[in-house]
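# Residue-level structure breakdown
Listed here are the chains, written in short residue letters.
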Amino acid sequence: MKPILALNAFDVNTATEFGGALGARIKQRAELFGAASVLFYERPLQIVRGEGCWLYDVDGVAYLDAYNNVPSVGHCHPHVVEAASRQMAQLNIHSRYLNQGVMDYARRLLATLPRALSNITFTCTGSESNDLALRLANHYTGGTGVIVTEAAYHGNTARVTEVSPSVLKQGSPPPHVRVIAAPDSYRVPAERVADYFASEVDSAINDLERRGIGFSALLIDSIFSSDGIFADPPGFLTAAIEIVHRANGVFIADEVQPGFGRTGTHFWGFQRQGVQPDIVTMGKPMGNGYPIGAAVTRPEILDAFCRQVGYFNTFAGSPVAAAVGQAVLDVIENEGLMRNALEVGDYLRQRLRELSRRHPAIGDVRGAGLYIGVEMTRASDGSPQAQLATMIINALRDRQVLIGAAGRFGDILKLRPPLCFSVAHADKLVTALDDVLTKLAAVP
Ligand SMILES: Cc1ncc(COP(=O)(O)O)c(C=O)c1O
């Protein structure tokens, strides 16, 4: 497996090839941040400004952003910026005071979720949300065993890193973690995906129990983004979740990637699957760039945890976080962004499928709304072409179009733009991809 941080990563060994201001900045960054510094693209970008679906570099060159899901309602959206600055000028404080604005936001967000999930705990990041979710599941079930998919990424705390196999550069997850195959709809026929995935979950639970490790939770990114973007057929998770509940485990839906309307038909990714999570975690698009996250659950699950520990997070659920969160929900509603995600996402997938008829290296086009995977494969046998995917990503970058990579091998082009992406943006992306594929096919 190619570790997630190696996907579309700048190779530090080539740093000396860059001169001028760019070379100096690359060198300075390496000195400051050391081995933990990760940059995108063979030629790193120096972005200084963002607006809508566009990013601008130090020379004023505009890049079409088809990658970033955090500024989900558009880079520097004026309504969000205004809400943050107004609240920042009035009050920003921790959560141990009564504040109506924070409660209004909590109520509005909870209204988008199943009624049974009536308690929200705010955090600052998706990692914190998943860390808390794992602890909630552990206290509620008494078990420690967690099941995740093979290229899953759920965040960066110690506990969450244990359940994020995609970050490991060596070794394997600890014994309480069971890693199962992702529901790969490209390789498993659509009518078998549900049974295939349910049987993976069933075997993992049995294996945990055989080894005396109590089963606690199935933790799933509801669109399997780092595994390679698997959204279809809708409903394929139902059988697996029934097995989880029969085994007295909890189902944690990680909505950090598909949440907040991205899939177009539903506000949350799990809703597209028609399943009921016990805990929902969220982050990234929730604050359009402001660090805000949450774990939402049933009161009895939170109670079991708070009887033994309790939770406080200084920066979480502050008045500014709530003002920003409200502003993001306003924009999603007022600008019809879910509908846009559905319409432009369908249009883009259709155009990409047309492209695949002329470019046999496109093995599969899939996804939901504005979360799209384009799998690059060898036409002869459908095997992954990771190197080709990397070449495409860098060639697009040179044509001022930004995308990323996903999947165990890194052979899947990940298209995940801000939700204000338009048909004109989609056309620009497809034209650039067509050009790149034509030129690459011509290389002997
Ligand atoms: C599915 C998923 N869960 C959780 C996280 C962690 O979120 P954060 O980086 O905000 O801690 C990520 C981040 O990429 C993610 O993709």
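A brief look at the structure comes next. Computed from a predicted model, the values in this text were never measured in an experiment.

The final tally for this structure, using the stated rule, is 24 salt bridges. Asp-346 is the partner of Arg-349 in a salt bridge, and the nearest nitrogen-oxygen pair spans 2.9 Å. Note that Arg-349 and Asp-346 are positioned in helix 11 (residues 337–358) at a spacing of 3 residues, about one turn of the helix. The class of Arg-349 is buried, set by a relative accessible area of 6%. According to the relative accessible area criterion, Asp-346 is partly exposed, its value standing at 42%. Of the charged contacts, one joins Asp-434 and Arg-358 as a salt bridge, the two residues approaching to 3.1 Å between their closest N and O atoms.

With an omega of -5°, the peptide bond running from Asp-232 to Pro-233 counts as cis. In the Ramachandran plot, Asn-288 falls in the positive-phi region, its phi being about 50° despite a non-glycine side chain. Note on placement: Asn-288 falls in the loop between strand 9 (279–282) and strand 10 (293–297). By relative accessible area, Asn-288 is classed as buried at 11%.

A separate point is the state of the cysteines. Here the structure, examined in full by the defined rule, presents 0 disulfides. Between Cys-76, a free cysteine, and Cys-420, which holds the nearest cysteine sulfur, the sulfur-to-sulfur gap is 11 Å. According to the relative accessible area criterion, Cys-76 is exposed, its value standing at 52%. Cys-420 carries a free sulfur, and the closest cysteine sulfur to it, the one in Cys-53, is 3.5 Å from it.

Attention now moves to a nonpolar patch on the surface. Together, Leu-91, Ile-93 and Tyr-97 line one region of the surface with nonpolar side chains, adding up to about 270 Å² of accessible area. Along the polypeptide, Tyr-97 turns up in the loop between helix 2 (78–90) and helix 3 (100–110). For Tyr-97, a relative accessible area of 51% gives the class exposed.

Before going further, it helps to spend a moment on the site of the ligand. Close to the ligand lie Thr-125, Gly-126, Ser-127, Asn-130, Tyr-153, His-154, Gly-155, Asp-221, Asp-254, Val-256, Gln-257 and Lys-284, which account for all nearby residues. With respect to the ligand, the side chain of Asp-254 contributes an N or O atom lying 2.7 Å from a nitrogen atom. If the ligand stood free it would expose 390 Å²; the protein chains cover 84% of that surface. Per element, the largest residue contribution to the shell around the ligand is 3 residues, and it comes from helix 4 (residues 126–141). The residue inventory of the shell around the ligand, partitioned by class, reads 2 nonpolar, 7 polar and 3 charged.

Before going further, it helps to spend a moment on the nonpolar core. Soluble globular proteins tend to bury their nonpolar side chains together. Formed by 101 residues in total, the largest nonpolar core has its most connected members in Val-201, Met-282, Leu-352, Met-376 and Phe-421. Looking at which element gives the most residues to this core, the answer is helix 10 (residues 319–334), with 9 residues. What Met-376 contacts, discounting residues up to four positions off in sequence, is Ala-361, Ile-362, Ser-383, Pro-384, Gln-385, Leu-388, Ala-389, Ile-392, Asp-411, Leu-413 and Leu-437. Counting 20 residues, the second-largest nonpolar core is a separate cluster that includes Leu-136, Val-177, Ala-295 and Ile-301.

Next up on the list: the pairing of strand 5 (residues 145–149). Regular strands have side chains that alternate between both faces of the sheet. The buried count for strand 5 comes to 5 of 5 residues, which makes it a mostly enclosed element. Because side chains alternate across strand 5, one face comprises the buried residues Gly-145, Ile-147 and Thr-149, and the other comprises Val-146 and Val-148, equally buried. Here 3 bridges tie strand 5 to strand 7 (residues 215–221), and the two strands are oriented parallel to one another. Pairing of Ile-147 across the sheet is with Leu-218, part of strand 7. Where strand 5 meets strand 6 (residues 177–180), 4 bridges bridge the pair, whose relative direction is parallel. Paired with Thr-149 across the bridge in strand 6 is Ile-180.

A word on the sheet that holds strand 14 (residues 404–406). With respect to topology, 4 strands assemble into an open sheet ordered 11-12-15-14, the strand pairing being antiparallel. Strand pairing shows two members of the sheet lacking a second neighbour, strand 11 (362–368) and strand 14, which therefore form its edges. Across the sheet, the mean angle separating the axes of adjacent strands is 30° when strand polarity is ignored.

The end-to-end C-alpha distance of helix 12 (residues 386–398) is 19 Å, a good match for the 18 Å that 13 residues give at a rise of 1.5 Å each. Along helix 12, the positions that sit buried rather than exposed are Ala-386, Leu-388, Ala-389, Ile-392, Ile-393, Asn-394, Ala-395, Leu-396 and Arg-397. Those residues of helix 12 that are buried lie in contact with strand 3 (62–65), strand 12 (371–376), strand 13 (401–402), strand 14, strand 15 (412–415) and helix 13 (423–442). Gln-400 lies just past helix 12 and shows a positive phi near 65°.

So, how was this worked out
Residues numbered from 1 in each chain as written. Predicted model: local features only at pLDDT ≥ 70, side-chain atom pairs only at ≥ 80, totals over all residues. Heavy atoms only, no water. Salt bridge = Lys/Arg side-chain N within 4 Å of Asp/Glu carboxyl O. Helix = DSSP H or I, 4+ residues; strand = E, 2+ residues; numbered from the N terminus. Buried < 20%, exposed > 50% of the residue type's maximum accessible area, 1.4 Å probe, protein only. Disulfide = S-S within 2.5 Å. Patch = residues over 30% accessible without salt bridge, like charges linked within 9 Å, V, L, I, M, F, W, Y side chains within 5 Å. Areas by Shrake-Rupley, 256 points an atom, 1.4 Å probe, with all protein chains shown as cover. Near = heavy atom within 4 Å. Polar contact = N/O pair within 3.5 Å; in protein donor to acceptor, adjacent residues only side chain to side chain. Nonpolar A, V, L, I, M, F, W, Y, C, P; charged D, E, K, R; others polar. Core = buried A, V, L, I, M, F, W, Y, C linked by side-chain atoms within 4.5 Å. Contact = heavy atoms within 4.5 Å. Pairing = 2+ DSSP bridges. Axes fitted to C-alpha atoms, helices over the stretch in contact; angles between N-to-C directions. Expected span 1.5 Å × (residues − 1).

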